[in-house]
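Architecture and fold: a report
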Amino acid sequence: PADVQRWLDAWNSHDLMRIAALFTPDAVIHQPQNSQPLSATTMLPFFATVFKAFPDVRFESVGVTLGHGEAASWEKVTGTMLGPMTEPSTGRTFQPTGRRFEHVAAMRLVYSPDRRVREYWTIWDRAQLQTQLGLPSGPSQGAGNGPITRADIDRWADAWNSHDIEKVAALFTPDVSIDQPENSK
């Protein structure tokens, strides 16, 4: 939890150098609005635009799960769109709406031995965010499958809760790769 609190404190400071210090020089940052992963260098200009567009953005812990060398963090993120924001994947710039948002985002943090983040993934409901901000919906990203829906989540939970291996196996594509760092096999 101390690493996650350090993470939250840095983000809530809006201090780009403090945020950069959380990451290794070769860090890889995956975010849904960026078509390509960010690096430790390219993340700084991106996050600077986020803080300009949402000067009151705040991150609050909702839950944490710790693993060996990694953590999952669920965070309530709130803010008001008071500045322009350019969507990196489309280049489209949205003017400030003055509207507030609130959503829960999920983060996966993979640490290096020196306790800095070497890989970072985040996801959230982009359609919900766009609706709250009064922005037009953008094209869905991914392999043409559209956004994940509540029905998708329910199907996932139902399969796992059924304890039926065939239902669980049907959730995955044939080329799936499953990363279980705690599993030595």
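Look up a bit, the structure's there.
Read on for a plain summary of the structure. (Residues numbered from 1 in each chain as written. Predicted model: local features only at pLDDT ≥ 70, side-chain atom pairs only at ≥ 80, totals over all residues. Heavy atoms only, no water.)

Quick look at the overall build of the chain
- Within the chain, the secondary structure is distributed over six helices and eight strands.
- Tracing the chain from N to C terminus, the helices and strands come up as α-α-β-β-α-β-β-β-β-β-β-α-α-α.
- Taken over 185 residues, the chain has a buried fraction of 34%.
- If you take every contact in the chain between residues at least 6 apart in sequence, the share linking residues at least 24 apart comes to 54%.
- Within the structure as shown, the chain displays about 11200 Å² of accessible surface, and the carbon and sulfur contribution to it stands at 56%. (Helix = DSSP H or I, 4+ residues; strand = E, 2+ residues; numbered from the N terminus. Buried < 20%, exposed > 50% of the residue type's maximum accessible area, 1.4 Å probe, protein only. Contact = heavy atoms within 4.5 Å. Areas by Shrake-Rupley, 256 points an atom, 1.4 Å probe, with all protein chains shown as cover.)

Quick word on the sheet that holds strand β8 (residues 117-123)
- Across the sheet, which stays open at both edges, the six strands sit in the order β2-β1-β8-β7-β4-β3 with mixed pairing between neighbours. Because the sheet does not close on itself, it has two edges, and the strands there are β2 (38-39) and β3 (58-67).
- Sheet strands in contact with helix α1 (residues 2-13) are β1 (23-30), β3, β4 (70-80), β7 (100-111) and β8, and its direction is about 160° off that of β3. (Pairing = 2+ DSSP bridges. Axes fitted to C-alpha atoms, helices over the stretch in contact; angles between N-to-C directions.)

With respect to helix α3 (residues 43-53)
- Across the eleven residues that make up α3, a large majority, eight, are buried.
- Along α3, the residues that are buried comprise Met43, Leu44, Phe46, Phe47, Ala48, Val50, Phe51 and Ala53.
- Those residues of α3 hidden inside the fold are in contact with α1, α2 (16-20), β1, β2, β4 and β5 (85-86).

Examining unusual backbone geometry
- The phi angle at His14 is positive, at roughly 65°, despite the residue not being glycine.
- Relative to the elements of secondary structure, His14 occurs in the loop between α1 and α2.
- Phi is positive for His163, which is not a glycine, with a value near 60°.
- Take His163: its relative accessible area is 74%, and that puts it in the exposed class.

Looking at α1
- Between its first and last C-alpha atoms α1 spans 16 Å; for twelve residues at 1.5 Å apiece the expected length is 16 Å, and the two agree.
- Within α1, the full set of buried residues consists of Asp3, Val4, Trp7, Leu8, Ala10, Trp11 and Asn12.
- After α1 finishes, the residue His14 shows a positive phi value of roughly 65°. (Expected span 1.5 Å × (residues − 1).)

Here we look at empty space enclosed by the protein
- As enumerated under the stated definition, the model contains one cavity of 30 Å³ or more in all.
- The volume enclosed by the largest cavity comes to roughly 510 Å³.
- Along its surface, the largest cavity is lined by 30 residues, and Gln33, Val50, Phe54, Trp124 and Leu129 are the ones closest to its centre.
- Its residues placed into classes, the lining of the largest cavity shows 21 nonpolar, six polar and three charged. (1 Å grid on protein atoms, 1.4 Å probe; cavity = no way out; pocket = protein on both sides within 12 Å on 5 of 7 lines; lining within 4 Å. Points joined across faces, edges and corners; volume = space filled by probe spheres on them. Nonpolar A, V, L, I, M, F, W, Y, C, P; charged D, E, K, R; others polar.)

With respect to the packing of aromatic side chains
- Scanning the model with the defined rule gives nine aromatic pairs in all.
- Their ring planes at 65° and their centres at 5.7 Å tell us that Trp7 and Phe23 sit as a pair that is edge-to-face. Note that Trp7 is positioned in helix α1 and Phe23 in strand β1, a separation of 16 residues in sequence.
- Exposure remark for Trp7: the relative accessible area of 2% places this residue in the buried category.
- For Phe23, a relative accessible area of 3% corresponds to the buried category.
- The interplanar angle of 80° and the centroid separation of 4.7 Å between the aromatic rings of Trp11 and Phe47 together place this pair among those described as edge-to-face. One end of the pair, Trp11, is in helix α1; the other, Phe47, is in helix α3, with 36 residues separating them in the sequence.
- Take Phe47: its relative accessible area is 4%, and that puts it in the buried class. (Phe/Tyr/Trp six-rings, centres within 6.5 Å; stacked < 30°, edge-to-face > 60°.)

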